[in-house]
Amino acid sequence: VQLVESGGGLVQPGGSQRLSCAASGFTFSSYTMTWYRQAPGEERELVASITGAGGSTNYADSVKGRFTISRDNAKNTVDLQMSSLKPEDTAVYYCTFWLGRRHWGQGTQVTVSS
């Protein structure tokens, strides 16, 4: 099982960023995929999730209306489109799924700062 995130970086407040996660080693389309984030000194927070077929999504209240999760089961990828970014969105973002335990990628840093 492998989850590899990409797309992080430095972005100005109000800007946009798109994160991507490439998955391998499991039947991707069968699993709900979830993005978590962890800011310095904070606990990990669920950001957004999407069911296997992509028919249902869920968002944290803090990102609702600003972030969009999507997936491409043909490419085994799940993306997180982030817009209207705020400094409090600064965190390491992780792509995850549950199979016996929660599997995590290595994370990608997003820093929102002017």
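Preceding this section is the structure that the text describes.
Residues numbered from 1 in each chain as written. Predicted model: local features only at pLDDT ≥ 70, side-chain atom pairs only at ≥ 80, totals over all residues. Heavy atoms only, no water.

**A short note on the state of the cysteines**
Defined simply, a disulfide is a covalent bond joining two cysteines at their sulfur atoms. With the rule as written, the count across this model stands at 1 disulfide. Across a sulfur-sulfur distance of 2.1 Å, Cys21 and Cys95 are joined as a disulfide pair. Between Cys21 and Cys95, the disulfide has an S-S torsion of -75° and is therefore left-handed. Of this pair, Cys21 sits in strand 3 (residues 17–24) while Cys95 sits in strand 9 (residues 91–99), and the two are 74 residues apart along the sequence. (Disulfide = S-S within 2.5 Å. Helix = DSSP H or I, 4+ residues; strand = E, 2+ residues; numbered from the N terminus.)

**Looking at the packing of aromatic side chains**
Taken as a whole, this structure holds 6 aromatic pairs when the rule is applied. On the basis of an interplanar angle of 55° and a centroid distance of 6.2 Å, the ring pair of Phe26 and Phe28 is categorised as tilted. For Phe26, a relative accessible area of 12% translates into the label buried. Measuring from centroid to centroid gives 5.7 Å for Tyr94 and Trp104, while their planes differ by 90°, and the two rings are edge-to-face. Remark: Trp104 occurs in strand 10 (residues 101–104) and Tyr94 occurs in strand 9; sequence separation between them is 10 residues. (Phe/Tyr/Trp six-rings, centres within 6.5 Å; stacked < 30°, edge-to-face > 60°. Buried < 20%, exposed > 50% of the residue type's maximum accessible area, 1.4 Å probe, protein only.)

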